[in-house]
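Next come the chains, spelled out residue by residue.
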Amino acid sequence: QRAVDLTPREDYYYLFLGRALLERAKIEMDAAQRDALFQRALDELETAQRLNPRNTDHTANLARLYRTWAEFAADAALRQERLQVASTIYDAATDLSPHSAQILNEWGLVYHLLGDYDAALAAYDRSLALDREFPQTYLLRSDVFLARQEWSAAVDACRQATALDPALVQAWSAMGYAHSQME
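How each quantity is defined
Residues numbered from 1 in each chain as written. Predicted model: local features only at pLDDT ≥ 70, side-chain atom pairs only at ≥ 80, totals over all residues. Heavy atoms only, no water. Helix = DSSP H or I, 4+ residues; strand = E, 2+ residues; numbered from the N terminus. Buried < 20%, exposed > 50% of the residue type's maximum accessible area, 1.4 Å probe, protein only. Lys, Arg positive; Asp, Glu negative; His and termini not counted. Charge placed at Lys NZ, Arg CZ, Asp CG, Glu CD. Axes fitted to C-alpha atoms, helices over the stretch in contact; angles between N-to-C directions. Parallel < 35°, antiparallel > 145°, perpendicular 65-115°, else oblique. Left-handed = near helix turned anticlockwise from the far one by under 90°. Contact = heavy atoms within 4.5 Å. Nonpolar A, V, L, I, M, F, W, Y, C, P; charged D, E, K, R; others polar. Polar contact = N/O pair within 3.5 Å; in protein donor to acceptor, adjacent residues only side chain to side chain. Phe/Tyr/Trp six-rings, centres within 6.5 Å; stacked < 30°, edge-to-face > 60°. Lys NZ or Arg CZ within 6 Å of the ring centre and 35° of its normal. Expected span 1.5 Å × (residues − 1).

Overview of the overall build of the protein chain
- Each helix and strand counted, the protein chain has 10 helices and zero strands in total.
- Traced from its N-terminal end to its C-terminal end, the protein chain shows the element sequence α-α-α-α-α-α-α-α-α-α.
- With the C-alpha coordinates aligned to their principal axes, the bounding extent of the protein chain is approximately 60 × 35 × 30 Å.
- Going through the 183 residues of the protein chain one by one, you find that 45% of them count as buried.
- Looking at charge distribution, the protein chain has the averaged site of its 18 positive side-chain charges lying 3 Å from that of its 27 negative ones.

Pasting the structure below:
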């Protein structure tokens, strides 16, 4: 906050303040205080974006905020609404940085949370077209296959992830679970 006060035209100071507020909101136990922190984070991140609208970081962080805020929503309709907003903002972030596998993966996660598994896989496919060496993408694909109860496809995705990163515990765990569900 002090940096923003001293240099109110520096977009990155608003970005860092917004991200700090977002992280603080994640650990707040009181729902009203948590929502107030999310709202304040939103205000700061929107200011950063307004100051430098072509910076992908600002747009992506707004999308992350809405995705995270959605995950804390007790009301299903509000959760869906925030996820839809996140998806729209991820679309804008992808327009700004069309070669970012990370942003595509995050957008795919939003689709997954919305229950649109085909769109999630399409986002992950776009990510893989950019970077076939990113183990996280294969892990995220395995999550979709697990949700669909497509056990063999989940195992294959986990194998691809562990081939790239043998220490990826989540992939080994997901693979074990998928194997346990196969008949």
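Examining unusual backbone geometry
- One non-glycine residue with positive phi stands out, namely Gln-149, at about 60 degrees.
- Within the secondary structure, Gln-149 sits in the loop between α8 (135–147) and α9 (151–164).

Thoughts on the packing of helix α7 (residues 117–130) against α8
- For the pair α7 and α8, interaxial distance at closest approach is 10 Å and the crossing angle is 160 degrees. With respect to their mutual orientation, α7 and α8 come out roughly antiparallel. The handedness of the crossing between α7 and α8 is left-handed. Between α7, through Tyr-117, Ala-120, Leu-121, Tyr-124, Asp-125, Ser-127 and Leu-128, and α8, the contact on the second element is made entirely by Thr-137, Tyr-138, Leu-140, Arg-141, Val-144, Phe-145 and Ala-147.
- Its residues assigned to classes, the contact of α7 with α8 shows 10 nonpolar, two polar and two charged.

Focus on the environment of Glu-46
- Checked against the element boundaries, Glu-46 lands in helix α3 (residues 31–51).
- Spatially, the C-alpha atoms of Glu-46 and His-58 are 7.7 Å apart, while their sequence positions differ by 12 residues.

Here's the deal with the side chain of Asn-105
- Inspection of the secondary structure puts Asn-105 in helix α6 (residues 101–114).
- A polar contact is formed between the side chain of Asn-105 and the side chain of Ser-127, at a distance of 3.0 Å.
- Setting aside residues no more than four positions away along its own chain, Asn-105 makes contact with Tyr-124, Ser-127, Phe-134, Gln-136, Thr-137 and Leu-140.

Some remarks on the packing of aromatic side chains
- A complete count under the given rule lists six aromatic pairs for this structure.
- Taken together, a centroid distance of 5.7 Å and an interplanar angle of 50 degrees make the contact between Phe-38 and Phe-72 tilted. Taken together, the residues Phe-38 in helix α3 and Phe-72 in helix α4 (residues 56–72) connect sequence positions 34 residues apart.
- Among the aromatic residues, those joined into a cluster by ring pairs are Phe-38, Tyr-66, Trp-69 and Phe-72.
- Cation over ring: Arg-82 sits above Trp-69, and NZ or CZ is 4.1 Å from the ring centre.

So, α7
- The end-to-end C-alpha distance of α7, which contains 14 residues, comes to 20 Å, matching closely the 20 Å that a straight helix rising 1.5 Å per residue would cover.
- Among all positions of α7, only Ala-119, Ala-120, Leu-121, Ala-123, Tyr-124, Ser-127 and Leu-128 are buried.
- Where the residues of α7 are buried, they touch α6 and α8.

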